[in-house]
Each structure stands twice: as C-alpha cells, then as structure tokens.
Amino acid sequence: MTVERFVVGLLSTNCYVVASDEKEAVVIDPGDESEIIFKYIQDKNLKLKYIILTHAHFDHVNGANELAKKTKASICVHKNDVQLLLSSSSGGLFLGFLVKGEGITEEIFELEEGQVLKAGSLEFKVMHTPGHTSGSISVLVDNLLFSGDLLFEGSIGRTDLPGGLQDLLFKSLKEKIFPLDDSVIIYPGHGGKTTIGKEKRYNPFLQEL
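Residues numbered from 1 in each chain as written. Predicted model: local features only at pLDDT ≥ 70, side-chain atom pairs only at ≥ 80, totals over all residues. Heavy atoms only, no water.

Q: So what exactly am I meant to see when it comes to the sheet that holds strand β5 (residues 74-78) here?
A: The pairing of strands in a sheet happens through backbone hydrogen bonds and is either parallel or antiparallel. With mixed pairing, six strands are arranged side by side in an open sheet as β1-β2-β3-β4-β5-β8. Looking at which strands have only one partner, the edges of the open sheet turn out to be β1 (2-8) and β8 (108-111). Looking at each pair of strands side by side, their axes are set apart by 25° on average, direction ignored. Sheet topology note: the strand β4 (residues 47-52)/β5 ladder contains three bridges and is parallel. (Pairing = 2+ DSSP bridges. Helix = DSSP H or I, 4+ residues; strand = E, 2+ residues; numbered from the N terminus. Axes fitted to C-alpha atoms, helices over the stretch in contact; angles between N-to-C directions.)

Q: Where do I start with the packing of aromatic side chains in this structure?
A: Within the structure shown, the criterion is met by four aromatic pairs. Both rings, one in Y16 and one in Y187, keep their centres 5.4 Å apart while their planes meet at 80°; by these two values the pair is edge-to-face. Highlighted residues: Y16 in strand β2 (residues 13-19) and Y187 in strand β15 (residues 185-188), separated in sequence by 171 residues. A residue is classified by how much of its surface remains accessible, and Y187, at 13% relative accessible area, is buried. One residue, K200, lies across the ring of F178, its end atom 5.5 Å from the ring centre. (Phe/Tyr/Trp six-rings, centres within 6.5 Å; stacked < 30°, edge-to-face > 60°. Buried < 20%, exposed > 50% of the residue type's maximum accessible area, 1.4 Å probe, protein only. Lys NZ or Arg CZ within 6 Å of the ring centre and 35° of its normal.)

Q: So what exactly am I meant to see when it comes to unusual backbone geometry here?
A: With the exception of glycine, the majority of residues adopt a negative phi angle, and the majority of peptide bonds are in the trans configuration. Phi is positive for E33, which is not a glycine, with a value near 55°. Along the chain, E33 falls in the loop between β3 (24-28) and α1 (34-43). The class of E33 is partly exposed, set by a relative accessible area of 26%. At K72, a position not held by glycine, the phi torsion is positive, near 65°.

Q: Where do I start with the pairing of strand β11 (residues 137-141) in this structure?
A: For a regular strand, side-chain orientation follows a simple rule: the groups alternate between the two sheet faces. The element β11 is largely enclosed, with a buried count of five among its five residues. Alternating positions in β11 separate into two faces, I137, V139 and V141 on one and S138 and L140 on the other, with burial throughout. Note that strand β10 (residues 122-128) and β11 share four bridges and pair antiparallel. Within the sheet, the bridge partner assigned to H128 lies in β11 and is I137. Taken together, the three bridges between β11 and strand β12 (residues 144-148) define a ladder with antiparallel strand orientation. Following the sheet pairing, V141 is matched in β12 by L144.

Q: Help me out: how do you make sense of the state of the cysteines in this one?
A: Disulfide: a covalent bond connecting the sulfur atoms of a pair of cysteines. Following the criterion strictly, the structure yields zero disulfides and no others. Between C15, a free cysteine, and C76, which holds the nearest cysteine sulfur, the sulfur-to-sulfur gap is 14 Å. What makes C76 buried here is its relative accessible area of 0%. (Disulfide = S-S within 2.5 Å.)

Q: What's the story with the sheet that holds β12 in this structure? I'm lost.
A: A sheet is described by the order of its strands in space; here six strands give the open sequence β9-β10-β11-β12-β15-β16, paired in mixed fashion. Edge positions in the sheet fall to β9 (116-119) and β16 (194-195), since each of these pairs with one other strand and no more.

Q: Before we go on, may I ask you to explain the environment of K176 in this structure?
A: Mapped onto the elements, K176 comes out in helix α5 (residues 166-177). On the accessibility criterion, K176 (25% relative accessible area) is partly exposed. Considered as a pair, K176 and V26 are 150 residues apart in the sequence and their alpha carbons are 22 Å apart. Every residue in contact with K176, bar those within four places of it in the chain, is listed here: E113, M127, H128, T129 and K171. (Contact = heavy atoms within 4.5 Å.)

Q: When you look at the packing of α1 against helix α3 (residues 64-71) in this model, what are you seeing that I'm missing?
A: Orientation of α1 relative to α3, taken along the N-to-C sense of each, is 35°, at an axis distance of 9 Å. In the packing of α1 onto α3, the handedness of the crossing is right-handed. On α3, the residues that touch S34, E35, I37, F38 and I41 of α1 are E66, L67, K70 and T71. (Left-handed = near helix turned anticlockwise from the far one by under 90°.)

Shown next as structure tokens:
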C-alpha cells in the first residue's frame, strides 16, 4: 500500500491517493486541483475505483466531479451528506470565500456505517463519525485512519457550520475513535499526520472523554 498526500485548494485541504499493490486506488477528499491528482494517477498507472468524501464541505469535494468524469470512479459520500454535497459543490459563499463549482453530474454512491469498499487487496471500512457534519465519516484501512475534519493533530473539527453538533462530535470520538489501537496512524483533513495514542495523551480537547 502507498499513500500520497496532496495539499489542495483555498483551505489547504489534504487529499490522499491510497493505492494497493495491485495498482487499484482510492482518492479521499479531492477538494480541488483535480488535474494534479489525475496526472499522478496516470503517471503511476493506477486504476481509480472510488472517490471517497469524508464529508461534503466544498474544500473536500470540489475536485470530485471532474476526477470522476476522467476516471469513471464512483463518488462516495455518506447518505446524510448527499444534499450538502449537491449544494456545496455548486458554489456560493462559504466562510467568506466566494467558491466556484460545477455541481455533481456524475453518479453518487451513498455510504452507510460499516460498509467496506475494496481496491485490490485493500479494504476501506466506513465509520460514520458525525459531528462536523451529520454525514461525516472516517475511513479505516489496515492501520491507517482517514479522519476528515473530525480529528486533527492537537485539535478537533469545528461544529459551528451547518450540520455540526459538538455533543455528536465528542460522541463519535469516544465511541468510534478511542476504541482503536493507539498505534493507528491518523491522516486528517488538514495538517500533519498523528496517531491515536498521541492524541489521547496530548490533545487538549480529548482529555475529558
């Protein structure tokens, strides 16, 4: 397995290309600059199977439709974020940014808790972890967790945007993330990678969970 990170768009969002040894791949959160991601996929001779969105804010989704057009990969988002995806991908004012968007014209595959998406020998387990949005997910593959905007190094996702709820975010952390092994590596939606164990010990937002 290989993991390649691209930092894209207005809000420096992490987009990940995760590829199996068999050259089948998944893209997680193509928030912008789809041409760069597509070039990497071509250069590495990868077959893109899925485009997984951890949630549907514009900075995580705005490259998804173009990438799906070029690769025929399925756009995957939790069912609770479908309407948010259709809205945010069409552009508008968000966090003071005037965002352009073409909307989603490709087919949307709705995800649910516990689903497993396969790419080669890799299995991507869907964990519904709402709080940042009602349809936020984290994705577990082997010993890696792609947490979207749920959990960052030293911080947590904001809950003051539409669909956000602080109590629900803390519930997701306590019930879904904390039971994972301390050695699990977290690849967040923004910033650098960390581990479950490190965040349990040092993240000030998690000390009372």
